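Notes for the structure review
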Amino acid sequence: MKPQVSVVIPSYNSEKYIAKALKSVFSQICRDLEVILIDDGSSDSTVRIARSFSDRRLRILENKQNRGVSYGRNLGIEQARGKWIALLDSDDWYAPQRLATLVATGEAQNADLVADNLFLINEGESEPWSTLRDEAHQLKLSSIASIDAVKFVTSDRLAHINAKRTWSLGYTKPLIRRDFLIQNQIWYDEKLKVGEDFSLYLKCLRQQARFYLLEQPYYYYRTRATSLSSRKPTQYLAESCAITQSFIDLEVNLPQESPLLETLAENLAIFQRRLAYYRFIEGIKEHKLSSAIAQIIEHPGIVKTLCQKLLMLWNKELKTLFTDRAASSRQTDIYHKTISSKL
């Protein structure tokens, strides 16, 4: 008998996290599930730890060499027997009621994709510092929101230059009807290093997928400083430009008018300006003045971005200065009061 849900977990050197991820799945209220763990050539104890779980619902597929997360997810989707595909990164985990809640909502709404909000957890901490919907500056949604392609792409619009990170609907981990993926031949793009989830969800929405998002968070998303700091902004933005341009090309070729096209074009312009800004910074750091000047000539709008960044740094320096002075003044007052009391 086929399970209701297939949980697909790609993993690579996840020995610190994989036990928590698996425990969260096997603790689900929804018991009618299978777990497909795709190990991507790990050199640590990930597979050994996974094999210590005796649950018959667990299948472990091992790649002899590292093929990337998109390859792993595609393999999991191909091997899955469940009606719904559930996504889980190996360093994240579920709340116990997650799958039962999403399946019930998906069936009630006749959805093709159904997602929940995300708890955002810093590495090494147990309590969330925020949620996706609280941090996503573009999201103004109801408790159960219907997401179309335009709304989805708008959520991916870059935050202010001084924001630490842009949170979009591309970070969600929806349950997806496997039949919808197979019938429309939608797979993860294995060439992509960033934005692979965003690209797959938008492919679904372009095929008129019914996508619903819940206000409540049941997914614990681990935010790891190492993965963020190692990601080069110019590389990430260049790939974002390429992904957006690829969808623009698809929309341009449609015979009918596309409301999505304008939204994609606006996003592309924002990505290009931000990319020019970081290339300008790179040129300055690498003492390539002509390259830096070329970015300003081609994208004069980055001057405004530079001013915003400098203003933030200036305000930060002023705040530090006044804080230090206030602290020094308090210390002086304490010193005088102490002397006076002794006299």
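The following paragraphs examine the structure supplied in this document. Quick caveat: nothing in here was measured; it's all calculated off a predicted structure.

Calculation criteria
Residues numbered from 1 in each chain as written. Predicted model: local features only at pLDDT ≥ 70, side-chain atom pairs only at ≥ 80, totals over all residues. Heavy atoms only, no water. Helix = DSSP H or I, 4+ residues; strand = E, 2+ residues; numbered from the N terminus. Buried < 20%, exposed > 50% of the residue type's maximum accessible area, 1.4 Å probe, protein only. Contact = heavy atoms within 4.5 Å. Areas by Shrake-Rupley, 256 points an atom, 1.4 Å probe, with all protein chains shown as cover. Axes fitted to C-alpha atoms, helices over the stretch in contact; angles between N-to-C directions. Parallel < 35°, antiparallel > 145°, perpendicular 65-115°, else oblique. Left-handed = near helix turned anticlockwise from the far one by under 90°. Nonpolar A, V, L, I, M, F, W, Y, C, P; charged D, E, K, R; others polar. Right-handed = clockwise from strand over helix to strand, strands pointing away. Pairing = 2+ DSSP bridges. Salt bridge = Lys/Arg side-chain N within 4 Å of Asp/Glu carboxyl O. Patch = residues over 30% accessible without salt bridge, like charges linked within 9 Å, V, L, I, M, F, W, Y side chains within 5 Å. Phe/Tyr/Trp six-rings, centres within 6.5 Å; stacked < 30°, edge-to-face > 60°. Core = buried A, V, L, I, M, F, W, Y, C linked by side-chain atoms within 4.5 Å.

1. Regarding the overall build of the protein
A count of helical and extended segments in the protein gives 13 helices and ten strands. Burial analysis of the protein (343 residues in total) assigns 47% to the buried set. Within the protein, contacts between residues separated by at least 24 positions form 75% of all contacts whose residues are at least 6 apart in sequence. Accessible surface, the protein: about 18,200 Å² in total, of which carbon and sulfur atoms supply 52%.

2. Here's the deal with the packing of helix H11 (residues 259–285) against helix H12 (residues 289–298)
Viewed as axis vectors pointing N to C, H11 and H12 meet at an angle of 160°, and their least axial separation amounts to 7 Å. Taken together, the axes of H11 and H12 lie roughly antiparallel to each other. Here the hand of the crossing between H11 and H12 comes out left-handed. From H11, Ala 276, Arg 279, Phe 280, Gly 283 and Ile 284 reach across to H12, where they touch Leu 289, Ala 292, Gln 295 and Ile 296. Split by residue class, the contact of H11 with H12 holds six nonpolar, two polar and one charged.

3. Here we look at the pairing of strand S2 (residues 33–40)
Successive side chains on a regular strand alternate, one facing one side of the sheet and the next facing the other. Burial within S2 is extensive, with eight of its eight residues counted as buried. Side chains of S2 alternate between two faces, with Leu 33, Val 35, Leu 37 and Asp 39 and Glu 34, Ile 36, Ile 38 and Asp 40 buried alike. The parallel pair strand S1 (residues 5–11) and S2, bridged by helix H1 (residues 18–26), forms a crossover whose chirality is right-handed. Pairing between S2 and strand S3 (residues 58–63): six bridges, direction parallel. Residue pairing across strands places Ile 36 opposite Arg 59, the latter belonging to S3. A crossover connection joins S2 to the parallel S3 through helix H2 (residues 46–51); in handedness this β-α-β unit is right-handed.

4. Focus on the pattern of salt bridges
Summed over all chains, the structure comprises 17 salt bridges. Measuring nitrogen to oxygen at the nearest pair gives 2.9 Å for the salt bridge that ties Arg 59 to Glu 34. Pair noted here: Arg 59 is in strand S3 and Glu 34 is in strand S2, with a separation of 25 residues, a long-range link. Residue classification places Arg 59 among the partly exposed positions, given a relative accessible area of 26%. The salt bridge involving Glu 196 is made with Arg 73; its shortest N-O contact spans 3.9 Å. Of this pair, Glu 196 sits in helix H8 (residues 196–206) while Arg 73 sits in helix H3 (residues 69–79); the two residues are 123 residues apart in sequence, bridging distant segments of the chain. Across the pair, Arg 73 and Glu 196 agree in class, each one buried.

5. Describing a nonpolar patch on the surface
Among the surface-exposed residues, Ile 284, Leu 289, Ile 293 and Ile 297 lie close enough to one another that they form a single nonpolar patch of about 400 Å² accessible area. No other element matches the three residues that H12 contributes to the nonpolar patch. Within the fold, Leu 289 resides in helix H12. The exposure class of Leu 289 is exposed, given its relative accessible area of 55%.

6. Points about the packing of aromatic side chains
Taken as a whole and assessed by the stated rule, the structure comprises twelve aromatic pairs. Considering the side-chain rings of Trp 167 and Tyr 171, the 4.8 Å spacing of their centres and the 50° angle between planes classify their relative orientation as tilted. One exposure class covers both Trp 167 and Tyr 171, and it is buried. Ring centres of Tyr 277 and Tyr 278 lie 4.9 Å apart, and the angle between their planes is 75°; this geometry places the pair in the edge-to-face category. Cluster of aromatic residues (ring-pair linked, three or more members): Trp 129, Trp 167, Tyr 171 and Tyr 221.

7. Examining the nonpolar core
Counting residues in hydrophobic clusters, the biggest one holds 43 residues, and the most contacted among them are Phe 152, Tyr 201 and Leu 202. Counting residues in hydrophobic clusters, the runner-up holds 42 residues, among them Ala 50, Phe 119, Leu 132 and Tyr 219.

Everything listed here is a matter of coordinates, which is why it stays silent on function.
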